[in-house]
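# Understanding the architecture of this molecule
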Amino acid sequence: MDSEAFVKELDAENQELLRRLAPEATLKPEVDGDLTVVNLLKVALKNEIEASESAARWMASTGEIDVKLALARQVGDEAKHYRLIADRLRELGFDTREFNPLTKGYGPLFQYLDTLETTVERVAAGQFTREAIAIVKNAQFIEFCEAAGDEPTARLYRDIIEPDERHHHDLGRRLLLRYATTPEAQAAARRASQRTLELAEELQALALKSAGIHHAPGC
Ligand SMILES: [Fe+2]
Ligand SMILES: [Fe+2]
């Protein structure tokens, strides 16, 4: 199939699976216990630094100039998100200067992405799929912030972070249209995309079980 038909099919498959990340129940925000905006923003810092570094590593080992540039933009955007979230955390009374979200190491999704070596797999997993997950998760997080009465954090996500993540997803789409042109490339892209969704689902189940977290923003 041509890349246009392929991307359309992959998108439909992803959207079907993404509905599992957005069950009705998770959209009913709750602010009990440790599930606070501050704690969720700390999770967000880890996602942002991992997304930035993942794209940076790929940028250095990617040959195609348009992909290199897309990754470069992502490196900068995710770093900008980190800074903005850190600023917001400071306003909320949490000083991030002594906080290193990577002290416990990189997460399983970062480690999986780091194993991908071809451009179609990277673009399918890290941009097209990871960023589609982020769009769902950020919508949930914005709703959570609004329910918690935290309009400034909701606005930060709605006006700045969410449009950037959507742009990263669209970059992934454009690059897949250009590079997922052979049956082999399409099969590899689909595998990488499915594994990314599986990992996201496993991680979400784990976060829910261990910390009751189901509104952590994505990247
Ligand atoms: Fe992103
Ligand atoms: Fe981000």
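Residues numbered from 1 in each chain as written. Chains lettered and ligands numbered in written order. Predicted model: local features only at pLDDT ≥ 70, side-chain atom pairs only at ≥ 80, totals over all residues. Heavy atoms only, no water.

## Considerations on the packing of aromatic side chains
Summed over the entire model, instances satisfying the criterion amount to 4 aromatic pairs. Ring geometry for Y106 and F110: centres 4.3 Å apart, planes at 20°, overall stacked. For Y106, a relative accessible area of 31% puts it in the partly exposed group. What links up through ring pairs into an aromatic cluster is the set F141, F144 and Y157. Here R57 stacks its cationic end above the ring of Y106, 5.6 Å away from the centre of that ring. (Phe/Tyr/Trp six-rings, centres within 6.5 Å; stacked < 30°, edge-to-face > 60°. Buried < 20%, exposed > 50% of the residue type's maximum accessible area, 1.4 Å probe, protein only. Lys NZ or Arg CZ within 6 Å of the ring centre and 35° of its normal.)

## Some points on the coordination of the iron ion (ligand 1)
Within the protein, E78 (OE), E131 (OE), E131 (OE), E165 (OE) and H168 (ND1) serve as the donor atoms for the iron ion (ligand 1), at 1.9 to 2.5 Å. When the donors of the iron ion (ligand 1) are listed by position in the chain, the intervening gaps give E-x52-E-x33-E-x2-H. Separating the iron ion (ligand 1) from the iron ion (ligand 2) is a distance of 4.0 Å, and E78 supplies a donor atom to each of them. Highlighted residues: E131 in helix α5 (residues 119–147) and E165 in helix α6 (residues 151–179), separated in sequence by 34 residues. You can call E165 buried: its relative accessible area is 0%. (Donors = N, O, S within 2.8 Å, 3.2 Å for Na, K, Ca; no water. Helix = DSSP H or I, 4+ residues; strand = E, 2+ residues; numbered from the N terminus.)

## Some points on α5
The terminal C-alpha atoms of α5 lie 40 Å apart, and with 29 residues this matches the ideal 42 Å at 1.5 Å per residue to within 8%. Approximately 30° is the largest bend angle found in α5, and it occurs at R130. Most of α5 is tucked away: 25 of the 29 residues are buried. Within two residues after α5, G149 carries a phi angle of roughly 80°, on the positive side. (Expected span 1.5 Å × (residues − 1). Bend = angle between axes of the 7 residues up to and from the residue.)

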